[in-house]
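Chain residues, written in single-letter form:
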Amino acid sequence: MAESDPLELKNEADEALERAAKRLRSLLKEAAGRLDPFPPFPGAFFSYGIEVEAPGISLPDVGCVVLGQDGELYELKVGQSIPALDLEISDPVAIREEELKALDLHPRDYLVFGYNALVKVVEILLEREAEGGQA
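This is a predicted model, so every value here is computed, not measured.

Asks: Explanation requested: the side chain of D109 in the structure shown.
Replies: Assignment of secondary structure puts D109 in helix α2 (residues 107-130). Aside from chain neighbours lying at most four places away, what touches D109 is I57 and L59.

The structure is reproduced here in structure tokens:
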């Protein structure tokens, strides 16, 4: 019996990760679609999202990861745009910038973030059900 190429094992593992991430993405979209109303991100003025943590995953170039209303994972970037000529700002909301930047995660990382996001959505749905409110 001939030994298989070790890369075949890695390729098969990569394919398994891809399939799992694709299925989880589908479940997450379905679950997020059940959240009506979708929760606003705490402290944000314009953005809706659920913060997702992934202990053990280190993404040094990524800040706050959130689940968006569409069931996708994003990085939430919050900042201020200060016009060069207007030194006296009377409305801080007018200069506030909130951006949801789509994340392109490796399937391994997506599985951790996506699963944790799904657990949070399910918790919210169960809380709303227990309160007798809408999902």
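Picking up where we left off.
Asks: I keep staring at the packing of helix α1 (residues 6-33) against α2 and nothing clicks. Help me out?
Replies: Describing two packed helices takes the angle between their axes plus the distance from one axis to the other. In contact at an axis separation of 9 Å, α1 and α2 are set at 25° when each is read in the N-to-C sense. By the angle between their directions, the pair α1 and α2 is classed as roughly parallel. α2 is crossed by α1, and the crossing has left-handed handedness. Contacts between α1 and α2 involve L17, E18, A20, A21, L24, R25, L27, L28, A31 and A32 from the former and P107, R108, Y110, L111, G114, Y115, A117, L118, V121 and L125 from the latter. Its residues assigned to classes, the contact of α1 with α2 comprises 16 nonpolar, one polar and three charged.

Asks: Explanation requested: the pattern of salt bridges in the structure shown.
Replies: Pairing between side chains of opposite charge can happen when their charged atoms approach one another. All told, the structure shown has five salt bridges when counted by the stated rule. The salt bridge partner of R25 is E72, with a shortest N-O separation of 3.5 Å. In this pair, R25 is assigned in helix α1 and E72 in the loop between β2 (64-67) and β3 (73-80), connecting sequence segments 47 residues apart. A salt bridge links E30 to R34; the nearest nitrogen and oxygen atoms lie 2.7 Å apart. You can call R34 partly exposed: its relative accessible area is 48%. A cluster of three or more residues bridged by salt bridges with shared partners is formed by R25, K29 and E72.

Asks: Explain the nonpolar core to me, please; I cannot follow it from the model alone.
Replies: Nonpolar side chains in soluble globular proteins tend to be buried together. L67 and L73 are the most contacted members of the largest nonpolar core, which has 22 residues in total. The biggest single contributor to this core is α2, with seven residues. For L67, the residues in contact, after removing those within four places along its chain, are L28, A32, F38, Y48, G49, I50, V52, E72, L73, A117 and V121. Ranked by size, the runner-up nonpolar core spans five residues in total, among them A44, V66, Y74 and L76.

Rules behind the numbers
Residues numbered from 1 in each chain as written. Predicted model: local features only at pLDDT ≥ 70, side-chain atom pairs only at ≥ 80, totals over all residues. Heavy atoms only, no water. Helix = DSSP H or I, 4+ residues; strand = E, 2+ residues; numbered from the N terminus. Contact = heavy atoms within 4.5 Å. Axes fitted to C-alpha atoms, helices over the stretch in contact; angles between N-to-C directions. Parallel < 35°, antiparallel > 145°, perpendicular 65-115°, else oblique. Left-handed = near helix turned anticlockwise from the far one by under 90°. Nonpolar A, V, L, I, M, F, W, Y, C, P; charged D, E, K, R; others polar. Salt bridge = Lys/Arg side-chain N within 4 Å of Asp/Glu carboxyl O. Buried < 20%, exposed > 50% of the residue type's maximum accessible area, 1.4 Å probe, protein only. Core = buried A, V, L, I, M, F, W, Y, C linked by side-chain atoms within 4.5 Å.

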